[in-house]
Amino acid sequence: MSEDVRSRPVRADAQQSIVRILDAAQRVLAGDPGASMEQIAGAAGLGRATVHRHFPSRQSLVAALVGDLNARYRSAFDQARVTNGPPLVGLYRLTEIAFELKVSHPFVISLTPAEHGSGTPASDPEIQDGLERLFARLHAAGEITVDDPAWCRRLYVALLHEVHELPGGSPALTGAVDAPVDDLDARVELLVRTLLGALGGSRLSGPRRAP
């Protein structure tokens, strides 16, 4: 759920309603970006008045969806242990989570495709800082030779978008690994290999997860 919503003191039942509304909105708007608040309320199994009590306008609901996605990206840094685990493992895991979020949140992703767009995960200062810390650690560990975390971050974000947009079965994906893997693994491998190659990486692949 969005950072703004989380900051309000709400009862447990109200919290559950908010989660249901956001989940329903993501599903409904992914299929029909023009869906009404009434349709979202129906998909959430709640009355229109309940939805409007938490989100008075469509704009406030969309803002909450964007905030929720950004919060999930921020949480991904902890899940990937980018500050206290092997940095290359963290890069693989963070990239995997990022692609999973792009697939599970297509409506929000369609609203915020560009790095500099308002509300995009890539424009969030905390996310920017997390990425730059990761690339500084990769440089310190000798995994890359480029010593410019801000440039590395911008390149990474651009590659995330471009690799996500590749159609399934693309030659770039099928040639990314030596053995058949699923689509997610192929996208992660393609991005990391391309990124490390561009940043002077000492190796073009590595462990995807901590043992």
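This is a predicted model, so every value here is computed, not measured.

Q: Can you explain the overall build of the protein chain? Please cite residues and give values.
A: A count of helical and extended segments in the protein chain gives 11 helices and 0 strands. In the protein chain, the succession of helices and strands from N to C terminus is α-α-α-α-α-α-α-α-α-α-α. Counting across all 211 residues of the protein chain, residues that qualify as buried make up 45%. Excluding contacts between residues fewer than 6 apart, the proportion of contacts in the protein chain whose partners are at least 24 apart in sequence is 64%. For the protein chain, the accessible area works out to roughly 10,400 Å², and carbon and sulfur atoms hold 53% of it.

Q: I'd love a proper account of the nonpolar core, names of residues and values included.
A: Membership of the largest hydrophobic core comes to 60 residues, with the highest contact counts inside it found for Leu91, Leu94, Phe135 and Tyr156. At the level of secondary structure, the elements contributing two or more residues to this core comprise helix H2 (12-31), helix H3 (37-44), helix H5 (58-79), helix H6 (87-104), helix H7 (106-111), helix H8 (125-140), helix H9 (149-165) and helix H11 (183-198). The element contributing the most residues to this core is H5, with 9 residues. Residues contacting Leu91, with those up to four places away along its chain left out, are Leu134, Phe135, Leu138, Tyr156, Val192, Leu195 and Leu196.

Q: Give me the packing of H9 against H11: which residues, what numbers.
A: Across the interface, H9 lies against H11 with an axial gap of 10 Å and an inter-helix angle of 145°. Seen along the crossing, H9 lies across H11 with a hand that is right-handed. On the side of H9, the interface is formed by Leu155, Tyr156, Leu159, Leu160, Val163 and His164, while H11 contributes Arg187, Leu190, Leu191, Thr194, Leu195 and Ala198.

Q: Which residues make up H2, and what are the values?
A: The periodicity of an α-helix, 3.6 residues per turn, causes residues three or four positions apart to be oriented the same way. The end-to-end C-alpha distance of H2 is 29 Å, a good match for the 28 Å that 20 residues give at a rise of 1.5 Å each. For H2, the complete set of buried residues consists of Ala14, Ser17, Ile18, Ile21, Leu22, Ala24, Ala25, Gln26, Val28 and Leu29.

Q: Got a sec to walk through the packing of H5 against H8? Specific residues and values, please.
A: Packed helices, taken two at a time, are described by the angle between their axes plus the distance between the axes. The contact between H5 and H8 brings their axes to 10 Å, and the two run at 25°. If you check the angle between H5 and H8, you find them roughly parallel. In terms of crossing hand, the pair formed by H5 and H8 is left-handed. Of H8, the residues touching H5 (which contributes Asn70, Tyr73, Arg74 and Phe77) are Glu126, Ile127, Gly130 and Leu131. The residue inventory of the contact of H5 with H8, partitioned by class, reads 4 nonpolar, 2 polar and 2 charged.

Q: Lay out unusual backbone geometry in plain terms, naming residues and giving numbers.
A: Not every positive phi belongs to a glycine, and Arg81 is a case in point at roughly 55°. Structurally, Arg81 is set in the loop between H5 and H6. Here Arg81 falls in the partly exposed class, since its relative accessible area comes to 40%.

Rules behind the numbers
- The written sequence of each chain sets the order in which its residues are numbered from 1.
- This being a predicted model, a pLDDT of at least 70 is required before a residue's local features are given, and a value of 80 or more before pairs of side-chain atoms are given or counted; all residues contribute to the totals for chains, interfaces and linings.
- The side-chain figures draw on all heavy atoms in the structure; neither hydrogens nor water molecules are used.
- A run of H or I in DSSP becomes a helix once it reaches four residues, and a run of E becomes a strand once it reaches two; helices and strands are each numbered from the N terminus.
- Buried residues are those whose accessible area, probed at 1.4 Å on protein chains only, stays under 20% of the maximum for their type, while exposed residues exceed 50% and partly exposed ones sit between those limits.
- Whether two residues touch is decided by their heavy atoms; if any such pair falls within 4.5 Å, the residues are in contact.
- Reported accessibility uses the Shrake-Rupley method at a 1.4 Å probe radius. Residues are deemed covered only where the shown protein chains occlude them.
- Working definition of a nonpolar core: buried Ala, Val, Leu, Ile, Met, Phe, Trp, Tyr and Cys residues. They are joined through side-chain atoms within 4.5 Å.
- To get an axis, a line is fitted to the C-alpha atoms, and for a helix only the part in contact is used. The angle between two axes follows their N-to-C directions and goes from 0 to 180 degrees.
- Two helices cross in a left-handed way if the nearer one is turned anticlockwise from the farther one by less than a right angle. They cross in a right-handed way if the turn is clockwise.
- An expected span of 1.5 Å times one less than the residue number is assigned to each helix.
- Just so you know how the angles are binned, under 35 degrees is roughly parallel, over 145 roughly antiparallel, 65 to 115 roughly perpendicular, and the rest oblique.
- The residue classification treats Ala, Val, Leu, Ile, Met, Phe, Trp, Tyr, Cys and Pro as nonpolar and Asp, Glu, Lys and Arg as charged. All others, Gly included, are polar.

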